[in-house]
Amino acid sequence: MMLLMLYLIAITAEAMTGALSAGRRGMDWFGVVLIACVTALGGGSVRDVLLGHYPLTWVKHPEYLVLTSVAALVTIFIAPLMRRLRSLFLALDAVGLVAFTLIGCMTALEMGHGMLVASVSGVITGVFGGILRDIFCNDIPLIFRRELYASVSFLAAWFYLLCLYLQLPGEQAIMLTLFSGFLLRLLAIRFHWEMPKFIYNDDVH
Amino acid sequence: MMLLMLYLIAITAEAMTGALSAGRRGMDWFGVVLIACVTALGGGSVRDVLLGHYPLTWVKHPEYLVLTSVAALVTIFIAPLMRRLRSLFLALDAVGLVAFTLIGCMTALEMGHGMLVASVSGVITGVFGGILRDIFCNDIPLIFRRELYASVSFLAAWFYLLCLYLQLPGEQAIMLTLFSGFLLRLLAIRFHWEMPKFIYNDDVH
Amino acid sequence: MMLLMLYLIAITAEAMTGALSAGRRGMDWFGVVLIACVTALGGGSVRDVLLGHYPLTWVKHPEYLVLTSVAALVTIFIAPLMRRLRSLFLALDAVGLVAFTLIGCMTALEMGHGMLVASVSGVITGVFGGILRDIFCNDIPLIFRRELYASVSFLAAWFYLLCLYLQLPGEQAIMLTLFSGFLLRLLAIRFHWEMPKFIYNDDVH
């Protein structure tokens with residue numbers, strides 16, 4: 001199934017972004033592997049724990065842990081190449097974001113939850129890996145400051161749910177969501193689209 | 001039931017404090033909504049996950065997510081008014097703290113746990129939303145530095161359990177706990193009561 | 001059973017390291033107790049939540065919460081002595097690390113998981129208490145920067161699994177793992193063995 005392929009690409013790409021974050025903090029190799037696994041598999045794990053959906057993906061398929069660990073170790077050695085591959089990376093990350101979101105929506109729907117919970121499940125799967133990465137590296141989560149990222153996940157989730165509501169066949173709904181979510185993310189990067197920010201300062205009286 | 005009313009007021013007030021925290025960090029609207037939801041519903045979620053109490057509140061009642069999200073968005077627009085409403089806010093927050101604590105205790109007792117676990121469940125429900133908010137915003141959790149806050153939750157939990165132990169009717173136990181917990185928190189704010197601090201510095205030899 | 005004895009020593013020692021961390025941040029007594037409990041019992045809790053292994057240890061044995069809380073409060077009063085007991089502490093912490101790892105492996109094996117998941121479960125139990133402590137105190141988790149720590153947990157887990165695979169009796173496997181893991185950690189401290197670090201800086205173009 002194509003979605004599995006995309007999922008594997010996505011966790012590999014996410015593991016690599018996690019490894020680079022760990023490298024920015026000068027962590028040792030073990031830390032690099034741990035941050036990579038948390039980034040790649042953390043979103044799905046948070047979703048599964050919150051929904052009570054056991055066993056977790058990596059418990060059922062521990063080979064995914066091997067994949068993300070290897071991706072992290074490879075990243076250490078090819079890091080100098082990373083800067084040149086920056087565009088490729090952003091594209092893979094965009095695919096990953098939408099694929100994660102779709103999987104999160106489907107998981108919740110399969111468990112019998114409604115559309116609102118399904119959309120939240122999609123967004124959690126899409127963005128929590130990155131949030132956990134930033135918390136572990138002691139940063140303010142990036143997603144709250146970057147170009148449309150969480151919003152792409154949110155819109156992709158609702159677009160997919162709308163497709164299902166309109167009775168589109170599952171495969172078509174997935175393809176359409178992947179394509180339009182991917183496009184939206186790339187456009188957001190290209191044109192620096194951002195959500196409006198809320199700046200509040202109550203120290204001044 | 002009155003406790004449900006208080007719960008709804010509490011999650012609204014907590015969502016607004018979360019939104020203000022996100023605003024202090026200049027997050028975008030999506031981050032504001034996420035931090036608001038985590039602040040309002042995070043304490044109960046941590047409790048439910050730790051006790052294995054599924055489904056979580058917001059999964060069963062996704063409309064609470066809508067309520068907290070709307071509260072967050074409203075906060076963005078009325079933020080300039082917030083400073084004037086500061087006292088009202090502290091009062092609502094105090095009600096919320098005690099209401100959350102009560103709900104946490106009851107949840108554990110209904111699951112058949114003993115008083116020790118019930119009190120911990122109450123405190124987790126009362127204070128973890130704020131702890132998660134501060135972790136997401138990359139602050140040292142406030143509750144460890146403020147006037148009696150977690151302690152009010154702790155004392156309210158044991159006061160309630162004592163009432164039950166003394167065979168008071170449930171309604172009365174709830175009312176008494178709400179009133180005395182609320183009063184204690186207001187007195188703590190008014191007179192700057194604080195727990196003693198533990199200052200340890202082992203860098204100096 | 002000896003492992004229970006070691007477990008109790010381990011959670012006491014970990015609670016004390018947690019209390020000292022909280023003291024470094026000048027937290028109040030309540031924060032000290034909370035950080036101590038999270039440090040001592042957090043690793044096992046994260047493991048149990050991820051594996052869906054309910055009830056959690058401290059829910060089943062709330063007396064452990066009392067033990068760690070008392071240990072935290074005692075720490076406040078004997079903190080000035082701590083510097084002299086530094087070596088004893090590092091030794092107890094090393095015992096704890098290996099004991100936690102063993103318990104994590106056994107828990108996963110008893111649930112019927114394979115060796116890969118068992119080793120991950122061991123490492124999570126061994127190191128996540130410390131990671132949570134550092135996140136709550138707003139530090140970059142120490143374990144990614146210190147001498148072999150997480151690596152000792154990892155090697156101990158696989159050493160134990162290897163012993164089982166070689167059909168050694170359970171008791172012997174435990175003793176051998178405890179001894180060699182403890183020795184490895186002490187040697188790592190003594191000779192400042194470290195994992196290689198991954199330093200990545202992409203801000204310079």
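Before reading on, note that the structure itself is shown above.
Residues numbered from 1 in each chain as written. Chains lettered and ligands numbered in written order. Predicted model: local features only at pLDDT ≥ 70, side-chain atom pairs only at ≥ 80, totals over all residues. Heavy atoms only, no water.

## Quick word on the packing of aromatic side chains
Residue and element names in this part refer to chain C. Defined as follows: Pairing of aromatic rings covers Phe, Tyr and the six-membered ring of Trp, with a centre-to-centre limit of 6.5 Å; geometry is then stacked below 30 degrees between planes, edge-to-face above 60, and tilted otherwise. Comment: elements are numbered from the N terminus, with helices defined as DSSP H or I runs of at least four residues and strands as E runs of at least two. Each residue is placed in one exposure class: buried if its accessible area under a 1.4 Å probe, protein chains only, is under 20% of its type's maximum, exposed if it is over 50%, and partly exposed if it falls in between.
Under the definition given, this model contains 21 aromatic pairs over all chains. Geometrically, the ring pair formed by tyrosine 7 and phenylalanine 100 is tilted, given 5.9 Å between the ring centres and 55° between the ring planes. Note that tyrosine 7 is positioned in helix α1 (residues 2-24) and phenylalanine 100 in helix α5 (residues 86-110), a separation of 93 residues in sequence. For tyrosine 7, a relative accessible area of 11% puts it in the buried group.

## Points about a nonpolar patch on the surface
Residues and elements named next belong to chain A. Quick note on the threshold: Patch membership needs two things, relative accessible area over 30% and no salt bridge, and members are linked within 9 Å if like-charged or within 5 Å if nonpolar (Val, Leu, Ile, Met, Phe, Trp, Tyr). Shrake-Rupley sampling with a 1.4 Å probe provides the accessible areas, and residues are treated as covered by the protein chains on show and by no other component. We define a salt bridge as a contact between a side-chain nitrogen of Lys or Arg and a carboxyl oxygen of Asp or Glu at a distance within 4 Å.
Nonpolar side chains collect at one region of the surface, where Phe179, Leu183, Leu187, Phe191 and Trp193 lie side by side and expose about 490 Å² of accessible area between them. Inspection of the secondary structure puts tryptophan 193 in the segment after α8 (170-190). Overall, the relative accessible area of 37% leaves tryptophan 193 in the partly exposed class.

## Observations concerning the side chain of B:Asp28
Using the following cut-off: His is not counted, nor are the chain ends, whereas Lys and Arg count as positive and Asp and Glu as negative. Here a polar contact is taken to be a pair of N or O atoms separated by no more than 3.5 Å, where protein atoms must pair a possible hydrogen donor with a possible acceptor and residues adjacent in sequence count only if both atoms sit in side chains.
For B:Asp28, the location among the structural elements is in the loop between α1 (2-24) and α2 (29-51). Buried charge B:Asp28 goes without a salt bridge, the closest partner of opposite sign being A:Lys197 at 5.5 Å. A distance of 3.0 Å separates a polar side-chain atom of B:Asp28 from the backbone nitrogen of B:Phe30. A polar atom in the side chain of B:Asp28 sits 2.9 Å from the backbone nitrogen of B:Gly31.

## Quick notes on the state of the cysteines
Residue and element names in this part refer to chain B. Put simply, the rule reads: Disulfide: a pair of cysteine sulfur atoms within 2.5 Å of each other.
Under the defined criterion, the tally for this structure stands at zero disulfides over all chains. Cysteine cysteine 163 remains unbridged, with the sulfur of cysteine 105 as its closest cysteine sulfur at 11 Å. Looking at cysteine 163, the relative accessible area reads 5%, which means it is buried.

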